[in-house]
Every structure is written in structure tokens, then in C-alpha cells.
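What follows is the residue order along each chain.
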Amino acid sequence: MKKKILFVCLGNICRSPAAEAVFKSIADKEKDITFIVDSAGTSGWHEGEPADSRMKQHAKKRGYNITSLSRPVIADDFKRFDYIVAMDLLNYTDLKKMSSKEYHHKIYLITDFTKNSNYKEGVPDPYYGGADGFEKVLDLLEVNTVKLIQFIKEER
Ligand code: 4NP
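First, a word on scope: everything that follows refers to the structure included in this document.

A separate point is the sheet that holds strand S2 (residues 34-41). One open sheet holds the four strands; their spatial order is S2-S1-S3-S4, and the pairing between them is parallel. Each edge of the sheet is formed by a strand with only one pairing partner; in this case those strands are S2 and strand S4 (107-109). Neighbour-to-neighbour, the strand axes of this sheet turn through a mean angle of 25 degrees, independent of strand direction. Summarising the sheet, strand S1 (residues 2-9) and S2 pair through eight bridges and their orientation is parallel. Bridge pairing links lysine 2 to threonine 34 in S2. Where helix H4 (residues 89-98) meets the sheet, its contacts fall on S1, strand S3 (83-86) and S4, and the angle it forms with S4 comes to roughly 170 degrees.

Next up, the structure:
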């Protein structure tokens, strides 16, 4: 069985490339599902750039290697991916605006899968903040990607 997951944030240089790396690392242990994982931005502001060096450094300390280059979401993504997972509510509403209704069932918020989460609006944007924000991104991604994998397995 193969499932295709696209993680989406605003710039595709902080949260969604980190989500891609964390998810790949955790999903690697799943033996009966092959995951195709990618990330993209609702904007093309950083197209072609590697992930933010602060995000890469914080991720590296936990053993995650972020290698992706930023790209904007394209129309074909809505057809191609099974799960399109937004990092925050703004990304979520933007994805809905960018796609036709037939694809809206594929669009989720990263915190949708975790009951009792204090982060109902997703993963806060760390770009203009300090080190704590990047650590928080990784904490939230580690918890919520495990829940996402459980959700996908239960849906099969
Ligand atoms: P991301 O973070 O959406 O997690 O990649 C941001 C990156 C860049 C900007 C905003 C957020 N920016 O304003 O350029």
C-alpha cells in the first residue's frame, strides 16, 4: 500500500520541510505502508531556497536531516496527494481557496489528529521569533506526525 502526503506552510522553509523530515523518519518504521512525502508553500516567496538554517540546525540536533528546496503548491498537488496537511489555520484556509471542492476532503490541519491538544490552530510560525519557537515546532511535529500515521492506518 502506498500513501502520498504533502505538508504545507507559508514559506516552505521552516515548518513544512521540518514536518517532511520528521514524518519520514517516524514513518520509516512502518513496514506495510510506503509513504511518498513532500512539502510546499502557499507562497512562492522562497522558491528554490533550502530550508531556513535555524530550522535545519534545531532539527539536526534531534537527528533529522532537512534537505528539501522550497516550492509553491501547484494545482496538480491536489490531484496527486492523498493527504494535504496544513501547518496552521491560515495555510488551511488558503489551501481550500486554492483548490476545487472535490479535493477539500484531502485537506487537514496538522493538529486535527491529536485530541486534547492546546494547539488547535496548528503549529505557530517560528520565522520572526527565537530558538524556543523552532524547538516548539519540532515538539509539536513529533507528537502530531505520530497521530497522523495512526489516523492513516485506521483509515485504510
Ligand atoms: P514557514 O515560515 O511558513 O514555516 O516556512 C515562514 C517563512 C518565511 C516567511 C514567513 C514564514 N516570510 O515571511 O518570508
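Further notes follow.
This part takes up the site of the ligand. Around the ligand, a shell composed of Cys9, Leu10, Gly11, Asn12, Ile13, Cys14, Arg15, Trp45, His46, Asp125, Tyr127 and Tyr128 is seen. At 2.7 Å, a side-chain N or O of arginine 15 approaches an oxygen atom of the ligand. With respect to the ligand, the side chain of histidine 46 contributes an N or O atom lying 2.8 Å from an oxygen atom.

Calculation notes
Residues numbered from 1 in each chain as written. Predicted model: local features only at pLDDT ≥ 70, side-chain atom pairs only at ≥ 80, totals over all residues. Heavy atoms only, no water. Pairing = 2+ DSSP bridges. Helix = DSSP H or I, 4+ residues; strand = E, 2+ residues; numbered from the N terminus. Axes fitted to C-alpha atoms, helices over the stretch in contact; angles between N-to-C directions. Contact = heavy atoms within 4.5 Å. Near = heavy atom within 4 Å. Polar contact = N/O pair within 3.5 Å; in protein donor to acceptor, adjacent residues only side chain to side chain.

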